[in-house]
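So you can see what is in the structure, the chains are spelled out below.
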Amino acid sequence: MEVMTKGKKIRNIILLFLTALIWGMAFVAQSVSMDYIQPLTFICIRFFIGGLFLLPFIFIMDKKKKEDMQQIEKTEPNKKTLLAGGIICGIFLFGGSFFQQVGIQYTTVGKAGFLTAFYIIIVPLLGLFLKKKCPPLTWCGVALSLVGLYFLCMTESLTLQKGDALVFIGAFMFAGQIMAIDYYNPMVDGVRLSCIQFFTAGIIGFIGMILFEQPQLSAILGAAGPILYTGIMSSGVGYTLQIIGQKGIHPAVAALILSLESVFSALSGFLFLHQGMSGRELLGCGLMFLAIILAQMPDFREKRY
């Protein structure tokens, strides 16, 4: 097993931070694209672009590996695991992207970012099913996040708005994708895993697009800018940086860094779309972000040696 050096750990943390920045700005592109095309069309094209973007890199990697036959033989047994992992990650990725993309039509970019970041709370809770205990501060974070969600999303009539509910469901799917990556990442090549998950999500989106939408070339060309950004940067670059950056990093810590996308999304929405938030919504965002930090604090009951 490869030992994670301090330098590599810092590098991976920086990669995850860059991922959060790219994803946060992508919320603007996703919101703008909905003025031109429908959600499944957008998902289909962006992930196919993301997958195609990675193919040249995989070709270059293969060319270098041919110089070391032993390394090729080492990766050979992992083909089935790689395919299974890529498909599973792709299914979760499609689910999260679909609910997020539909929901963002009915809510602001900032709110969508903070709701998506709720996966930081969901990840340790899902760990309970894998017999991983949650420290007390995680439960405090869960309670605080629920209060934050109330101020951020609930109206005075105590109803959850449609867009917020859909984005919230998407957060559960993204949490599943993070857990799946954490499981498969040590066993397979991260770039290939990323490429397969993109094509999986793209194929599912293509099927849905053909069945439920009426894609038009003129509309797609109108959304070319947002599609290219989300396809190349958010998908091709961002998700690949996530997979590479997550290697050797605890999934809860990785989720904490990635959750900074909520801050970047709110800033991007304000700067580019002039979408502000009420005092009540800002309070909810603040409480959720505090909950995110609390949920990832180390367990004070653990002995330090």
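From a predicted model like this one, the values you see are computed outputs, not experimental measurements. (Residues numbered from 1 in each chain as written. Predicted model: local features only at pLDDT ≥ 70, side-chain atom pairs only at ≥ 80, totals over all residues. Heavy atoms only, no water.)

1. A short note on the nonpolar core
Thought 1: Formed by 53 residues in total, the largest nonpolar core has its most connected members in I37, F47, L93, F118, Y119 and Y239.
Thought 2: If one sorts the elements of this core by residue count, helix α2 (residues 39–65) sits on top with eight residues.
Thought 3: Those residues within four positions of L93 in sequence are excluded, and the remaining contacts are F47, F174, Q177, Q197, F198, A201 and Y239.
Thought 4: Within the second largest apolar cluster, eight residues are counted, among which are L82, C89, I181 and L193. (Core = buried A, V, L, I, M, F, W, Y, C linked by side-chain atoms within 4.5 Å. Buried < 20%, exposed > 50% of the residue type's maximum accessible area, 1.4 Å probe, protein only. Helix = DSSP H or I, 4+ residues; strand = E, 2+ residues; numbered from the N terminus. Contact = heavy atoms within 4.5 Å.)

2. Considering helix α9 (residues 190–212)
Thought 1: For α9, spanning 23 residues, the distance from its first C-alpha to its last is 33 Å, which sits close to the expected 33 Å at 1.5 Å a residue.
Thought 2: Structurally, the start of α9 carries an N-cap: the backbone nitrogen of V191 is 3.3 Å from a side-chain oxygen of D189. (Expected span 1.5 Å × (residues − 1). Polar contact = N/O pair within 3.5 Å; in protein donor to acceptor, adjacent residues only side chain to side chain.)

3. Let's talk about the confidence of the model for the chain
Low pLDDT marks stretches whose predicted atomic positions should not be read closely.
Thought 1: For the chain, the average pLDDT comes to 82, and 86% of its residues sit at 70 or higher.
Thought 2: Of the regions scoring below 50 in pLDDT, residues 71–76 engages in four contacts with residues more than four places distant in sequence or in other chains. (pLDDT = per-residue confidence, 0-100.)

4. Structural notes on the pattern of salt bridges
Thought 1: Counted by the stated rule, this structure contains two salt bridges.
Thought 2: Where K111 meets D164, a salt bridge forms, and the shortest distance between an N and an O atom there is 3.2 Å. Of this pair, K111 sits in helix α5 (residues 109–116) while D164 sits in helix α8 (residues 162–184), and the two are 53 residues apart along the sequence. Accessibility assignment for this pair places K111 and D164 in one class, buried.
Thought 3: A salt bridge links R192 to D189, with the nearest nitrogen and oxygen atoms 3.7 Å apart.
Thought 4: For R192, a relative accessible area of 17% puts it in the buried group. (Salt bridge = Lys/Arg side-chain N within 4 Å of Asp/Glu carboxyl O.)

5. Examining the packing of helix α1 (residues 6–33) against helix α11 (residues 224–246)
The geometry of a pair of packed helices is captured by two quantities: the angle between their axes and the separation between those axes.
Thought 1: At a closest axis distance of 8 Å, the pairing of α1 and α11 adopts a crossing angle of 155°. By the criterion of interaxial angle, the relationship of α1 to α11 is roughly antiparallel. Relative to α11, the crossing made by α1 is left-handed.
Thought 2: In the contact of α1 with α11, the residues fall into 16 nonpolar, ten polar and one charged. (Axes fitted to C-alpha atoms, helices over the stretch in contact; angles between N-to-C directions. Parallel < 35°, antiparallel > 145°, perpendicular 65-115°, else oblique. Left-handed = near helix turned anticlockwise from the far one by under 90°. Nonpolar A, V, L, I, M, F, W, Y, C, P; charged D, E, K, R; others polar.)

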